[in-house]
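# A look at the structure
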Amino acid sequence: MPWFWWLPLTVVVLILLGWLLGPPLLRGFIKRRLQHYRVAVNVVDPSLPTALTGPRRVAVLGGGVAGLTAAITLARRGFQVELFEANEYLGGKLGSWKVPLGPGEAAWVSHGFHAFFANYYNLDRFLGSLGTRDGFQSIGEYVILGTTGAQVRFGKLETTPVFNLLALARAGVYRFRDVLKAPARDLFGVFLEYDAKETFARYDAVSFADFDRLTQLPPGLKLAFNTFARAFFSDEDKLSLAELIKSFHFYYLSQDGGLVYEYPVHDYEPQFLAPMRAELERHGAKVHLSTKVSSLAKTAEGFTVNGAPFERVVLSTDIVGARSIMTNAVGVPDEVKARFEKLVPGQRYAVLRIWIDKDVREGYPPFVITDRVKVLDAFTTYHRFEHEAAEWTKRHGGAVLELHCYAVPEALTPDEVKRALLDELVQFFPEVKGFTVKHEVFQLNRNFTAFHLGMNAHRPETDSGVPGLCCAGDWVKLPFPAMLLEAACASGYLAANTLLREAGLQEEPVQSVPLRGLMAGMPQPPARKLLVPGGTP
Ligand SMILES: Cc1cc2nc3c(=O)[nH]c(=O)nc-3n(C[C@H](O)[C@H](O)[C@H](O)COP(=O)(O)OP(=O)(O)OC[C@H]3O[C@@H](n4cnc5c(N)ncnc54)[C@H](O)[C@@H]3O)c2cc1C
């Protein structure tokens, strides 16, 4: 038989092998290039001691996740920790408090439903160390609901970065032909090229609205991008494209956990806060609730906080508290104050918990993102997963819902926001038309970290610029990509590590997703210049 008769068969075998082995090989390559999706940020020297032998007084200002991480870590290592919290409860934006609902009835409420993603490596370790990582449930499916009935739904999608982008197309979020057209084709690459220095230098002055206009996002992708962007409490014209690229890198393109997250089935107080308070007490830390820090002074020996002396301070309030404390602080250099002066919160956000006499239709996960008409960005069906809320609906019928608006239009009064949230609920779920609100808890706040245009350059880092004073909070500029709860927890570890290092003690390990994107450092197509304000390709 002539040798060339084998050629077609060889080609077929090669194609088959390529088809079978290609994706696994490519997945392996991506995983290796992305350092198995997890990198150590610091080196922990096991030969160093773990605990202090002498006294050292540390004030932790603010008891959110960042402050609690720092306070618990330092208290465990022998520091004399005092935690000052303005609220009457711990937890900050993860805090919760009880409200009366009627004779013999009460309910825990919080600042809002929270999603815990698979790449929250530091938070996961912190909660694990407290034994509070049990009692979580997977959301199962990520759903974005449009008013017209259009939906984006994806559950167990392929999770390997890049493959997960292709899987979105297969799930109907976009069509290949829409993104293969110029200039979208040349501009979308920015999401795979995250590199802190380059990305912020190039795109921190570009808004997501500009990106949207230039790429002419197809409707499905626009819906997904818009809702993702709004989860950072910002309208599209204010949100920095660099922050959005960082978020995409962090949540989707640097790790294989996917967007299907977990949530606790119990309220935050029994789930997290009671064990955290117990841990602080066990290690001798003092917790001052309902104690707003109104004065901070740098002294020759250290600091005074509300007049009491401390050797070290961790500033872990929210952005509003940090700005106020630092700009009014005594003995703090003007250039440090100037940096804190630039810290401003994002837009207002609203959270409305309602106990109503009608129920919304079944068939959705407990948390659903909505393509807002005017205000409604997401809603949660508490009675479908939380024990207390389920008990309430067993007794009274109806539903316990929470409605979110992440970037409230400035022109709306609080009453108008509430009205619009309730009206929009009916637009998405006409079956509850005519419902009666039996109880409600309405919150309208402006204390969320802004991820707006041009802000990154001024963001304080762990080292505040004042010796002995460290910053922690989701507003701190970290040396690795992290967002929201994970950024808060990681920043708490970094602040604690600064004090541990200074005392000659072993640091806590801190981990991150890879610092750079899969295609960081690759040559830029000329069309990228479109993204530079006033630029032409
Ligand atoms: C509605 C909503 C939904 C969210 N959903 C998610 C989500 O799904 N996933 C996610 O990862 N993140 C989510 N987040 C964000 C997350 O809650 C925050 O990123 C995180 O909790 C911030 O923690 P922190 O410790 O940095 O700050 P905070 O939680 O704001 O804590 C700061 C603390 O400082 C206190 N304080 C302020 N000023 C003073 C003062 N002068 N003296 C003493 N104390 C002071 C405050 O009372 C507060 O307790 C959401 C936030 C909101 C509001």
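What you are looking at is a predicted structure, and each value in this text was computed from that prediction instead of being measured. (Residues numbered from 1 in each chain as written. Predicted model: local features only at pLDDT ≥ 70, side-chain atom pairs only at ≥ 80, totals over all residues. Heavy atoms only, no water.)

## Remarks on the side chain of S96
As for its placement among the helices and strands, S96 is situated in strand β4 (residues 96-102). For S96, a relative accessible area of 1% corresponds to the buried category. A polar contact is formed between the side chain of S96 and the backbone nitrogen of E269, at a distance of 3.3 Å. Not counting residues up to four positions away in its chain, the partners in contact with S96 are Y89, L90, W108, V109, S110, D267, Y268, E269 and L273. (Helix = DSSP H or I, 4+ residues; strand = E, 2+ residues; numbered from the N terminus. Buried < 20%, exposed > 50% of the residue type's maximum accessible area, 1.4 Å probe, protein only. Polar contact = N/O pair within 3.5 Å; in protein donor to acceptor, adjacent residues only side chain to side chain. Contact = heavy atoms within 4.5 Å.)

## Some points on the pattern of salt bridges
Under the criterion given, the structure shown has 33 salt bridges. Across the pair R459 and E243 runs a salt bridge whose closest N-O atoms are separated by 3.6 Å. Here E243 lies in helix α10 (residues 241-253) and R459 lies in the loop between β19 (437-445) and β20 (469-471), a separation of 216 residues in the sequence. According to the relative accessible area criterion, R459 is buried, its value standing at 5%. Salt bridges sharing partners connect three or more residues here, namely R56, R312 and E502. (Salt bridge = Lys/Arg side-chain N within 4 Å of Asp/Glu carboxyl O.)

## Side note on the nonpolar core
The biggest cluster of nonpolar side chains holds 152 residues, and the ones touching the most others in it are F191 and F211. No other element matches helix α16 (residues 484-502), which puts 11 residues into this core. Residue-level mapping places this core at the junction of two domains, with at least three residues from each of domain 1 (57-93 + 269-345 + 452-511) and domain 2 (161-255 + 527-531). Apart from residues lying up to four places away in sequence, F211 is in contact with L187, F188, V190, F191, L217, L241 and L531. Residues V143, L352, C405 and L421 belong to the second largest nonpolar core, which totals 28 residues. (Core = buried A, V, L, I, M, F, W, Y, C linked by side-chain atoms within 4.5 Å. Domains from an automatic or database assignment.)

## Side note on the pairing of strand β7 (residues 142-145)
The two faces of the sheet receive side chains in turn, since in a regular strand these alternate between them. Of the two faces of β7, the one carrying Y142 and I144 and the one carrying V143 and L145 are both buried. In terms of strand pairing, β7 meets strand β8 (residues 151-154) through four bridges, oriented antiparallel. Counterpart to I144 in the pairing with β8 is V152. Pairing of β7 with strand β16 (residues 367-370) involves two bridges; the strand directions are parallel. Paired with L145 across the strands is T370, a residue of β16. (Pairing = 2+ DSSP bridges.)

## What to know about the environment of T327
Summarising the element assignment, T327 is placed in helix α12 (residues 319-327). Once residues lying within four places of it in the same chain are set aside, the contact partners of T327 are K337, F340 and E341. Within the structure, T327 has its side chain in polar contact with the backbone oxygen of R323 (distance 2.6 Å).

## A look at the side chain of E402
Mapped onto the fold, E402 is located in strand β18 (residues 399-405). Taking the relative accessible area as the measure of exposure, E402 reaches 0% and is therefore buried. A distance of 2.6 Å separates a polar atom in the side chain of E402 from a polar atom in the side chain of H404.

## Some points on the domain arrangement of the chain
Once the domains are mapped, the chain shows domain 1 (57-93 + 269-345 + 452-511) and domain 2 (161-255 + 527-531). Each of domain 1 and domain 2 has a C-alpha centre, and these two points are 33 Å apart. Tallying the contact residues gives 12 residues for domain 1 and 19 residues for domain 2. Together, the buried faces of domain 1 and domain 2 total about 1200 Å²; carbon and sulfur atoms form 64% of this surface. Across the contact surface, domain 1 and domain 2 share one salt bridge. Each residue belonging to the side of domain 1 that touches domain 2 can be placed in one class, and the counts come to seven nonpolar, three polar and two charged. (Buried area = accessible area lost by both parts, 1.4 Å probe. Nonpolar A, V, L, I, M, F, W, Y, C, P; charged D, E, K, R; others polar.)

## Remarks on the sheet that holds strand β3 (residues 80-84)
The strand order across the open sheet formed by five strands is β10-β3-β2-β14-β20, and the pairing between neighbours is parallel. Among the strands making up the open sheet, the edge pair consists of β10 (286-288) and β20. Strand-to-strand twist in this sheet, taken as the mean axis angle between neighbours without regard to direction, amounts to 15 degrees. As paired elements, strand β2 (residues 57-61) and strand β14 (residues 312-315) share four bridges and run parallel to each other. The partner of L61 across the bridge, within β14, is L315. (Axes fitted to C-alpha atoms, helices over the stretch in contact; angles between N-to-C directions.)

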